[in-house]
Amino acid sequence: MTDASGAPIERVDTVVVGAGGLGSATAWQLARRGTGVVLLEKFGFGHKRGASHDTSRILRRSYHTPGYVALANEAYDDWALLERDSGERLVTTTGGLDLFPPGSLIAAIDYTTSMAARGVEFEELTGAEVEARWSALSLPEGTRALYQADTSIVPAGRSTATMQRLARENDARLYDAAPVTALIDRGDNGVEVVVGGALASTYRRFLARRVVLTADAWTNDLLAHLGTSLPLTVTREQVTYFAPSAPERFGADRLPVWIWMDDPSFYGFPTYDEAGNADYPVSWLV
Ligand SMILES: Cc1cc2nc3c(=O)[nH]c(=O)nc-3n(C[C@H](O)[C@H](O)[C@H](O)COP(=O)(O)OP(=O)(O)OC[C@H]3O[C@@H](n4cnc5c(N)ncnc54)[C@H](O)[C@@H]3O)c2cc1C
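Reference entry: report on the structure contained in this document. Since the structure is predicted, the reported quantities are computational estimates derived from the model, not experimental observations.

**Topic: the site of the ligand**
Turning to step 1, where the next piece is worked out: Neighbouring the ligand are 26 residues, the closest being Glu41, His47, Ser52, Ile58 and Tyr267.
Turning to step 2, where the next piece is worked out: Within the backbone of Ala51, one N or O atom sits 2.9 Å away from an oxygen atom of the ligand.
Turning to step 3, where the next piece is worked out: A total of 1000 Å² of accessible area belongs to the ligand in isolation, and the protein chains cover 80% of it.
Turning to step 4, where the next piece is worked out: Going through the elements one at a time, helix H1 (21-32) and strand E3 (56-59) are the ones with two or more residues in the shell around the ligand.
Turning to step 5, where the next piece is worked out: Taken together, the residues that form the shell around the ligand break down as 14 nonpolar, seven polar and five charged.

Here it is in structure tokens:
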């Protein structure tokens with residue numbers, strides 16, 4: 001098939017736009033079920049401008065609505081499947097603490113009722129009990145904690161690359177340097193996906209039965225072609241690595257993931273994968 005200028009248009013079942021964690025997972029899952037998939041990424045695979053590179057992400061069941069907890073429970077099953085399919089170990093279970101200082105702006109009761117509603121076990125601890133159990137932590141007077149034993153760390157960049165590998169192994173076609181520059185509604189014929197950049201001479205256009213848009217911070221650039229938008233605010237998330245002065249107190253077997261449940265909210269990991277920066281010793285925090 002060609003367009004009016006004679007340029008080729010390739011029919012595919014599904015085009016996924018954006019090869020971060022969500023697009024790569026979508027491509028893997030669709031390809032695994034036998035669907036014809038093309039995954040298009042604007043920059044290079046594993047680039048550092050999106051949200052899915054870097055080392056560590058929290059996997060947790062502790063969320064503030066029953067609906068979120070249900071999704072998180074499903075996510076655990078998905079991670080187990082990814083480990084099985086890939087033969088890689090991706091999930092490191094550390095346990096997790098949600099820390100609520102006195103008068104915290106985030107309500108602990110939303111977390112306890114949501115986990116209880118979905119049958120997730122957790123412990124409620126005083127600050128003193130937390131300090132007695134994990135010597136690296138020192139908390140302000142009156143802090144209360146929820147502990148959930150399944151909280152884990154997953155590697156963002158490595159897992160995304162793994163899902164891309166599995167997608168390819170299941171016959172998905174993945175292209176980087178392939179920015180989607182327009183999405184055109186062709187009615188019953190599907191959606192025309194226009195690709196600019198390095199692939200333009202070979203794959204200028206796809207006609208897809210379905211398009212999955214996983215462009216994250218760039219979503220509205222593409223939705224504009226369809227005359228719509230989402231109320232998104234793009235923020236920059238700052239990650240910092242600290243070098244522990246006493247590493248034996250900060251290993252993944254000795255310290256849980258922790259989240260400070262106030263405004264501002266922030267969180268920390270035990271030592272995991274990358275070395276910390278000696279300019280920012282973690283002892284400054286404790
Ligand atoms: C520092 C940080 C810490 C986080 N911590 C956690 C955590 O602990 N636990 C947790 O669950 N989540 C966490 N998150 C959130 C989680 O990482 C993100 O929700 C997830 O990575 C988003 O993946 P994505 O695929 O939607 O987006 P991205 O990874 O940003 O991927 C979108 C992709 O779309 C591509 N794209 C955009 N426009 C086009 C186009 N026109 N054509 C082709 N490609 C295009 C982009 O280049 C990009 O590669 C964190 C995020 C950050 C940044």
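**Re the nonpolar core**
Turning to step 1, where the next piece is worked out: Ranked by internal contacts, the top residues of the largest apolar core, which has 21 residues, are Trp28, Val37, Trp79 and Leu82.
Turning to step 2, where the next piece is worked out: Listing elements by their share of this core, those giving two or more residues are H1, strand E2 (37-40), helix H2 (66-86) and helix H5 (156-169).
Turning to step 3, where the next piece is worked out: Not counting residues up to four positions away in its chain, the partners in contact with Leu82 are Trp28, Gly87, Leu90, Thr162, Met163 and Leu166.
Turning to step 4, where the next piece is worked out: Ala178, Leu183, Phe206 and Leu222 belong to the second-largest nonpolar core, a separate cluster that totals 16 residues.

**Some thoughts on the packing of H1 against H2**
Helix-helix packing is described using two parameters, namely the angle between the two axes and the distance between the axes.
Turning to step 1, where the next piece is worked out: As a packed pair, H1 and H2 sit with axes 13 Å apart at the nearest point and diverge in direction by 70 degrees. Our classification of the angle between H1 and H2 gives roughly perpendicular. Classified by chirality, the crossing of H2 by H1 is left-handed. Across from Trp28, Gln29 and Arg32 in H1, the residues of H2 making contact are Asp78, Leu81, Leu82 and Asp85.
Turning to step 2, where the next piece is worked out: Taken together, the residues of the contact of H1 with H2 sort by class into three nonpolar, one polar and three charged.

About the thresholds
Residues numbered from 1 in each chain as written. Predicted model: local features only at pLDDT ≥ 70, side-chain atom pairs only at ≥ 80, totals over all residues. Heavy atoms only, no water. Near = heavy atom within 4 Å. Polar contact = N/O pair within 3.5 Å; in protein donor to acceptor, adjacent residues only side chain to side chain. Areas by Shrake-Rupley, 256 points an atom, 1.4 Å probe, with all protein chains shown as cover. Helix = DSSP H or I, 4+ residues; strand = E, 2+ residues; numbered from the N terminus. Nonpolar A, V, L, I, M, F, W, Y, C, P; charged D, E, K, R; others polar. Core = buried A, V, L, I, M, F, W, Y, C linked by side-chain atoms within 4.5 Å. Buried < 20%, exposed > 50% of the residue type's maximum accessible area, 1.4 Å probe, protein only. Contact = heavy atoms within 4.5 Å. Axes fitted to C-alpha atoms, helices over the stretch in contact; angles between N-to-C directions. Parallel < 35°, antiparallel > 145°, perpendicular 65-115°, else oblique. Left-handed = near helix turned anticlockwise from the far one by under 90°.

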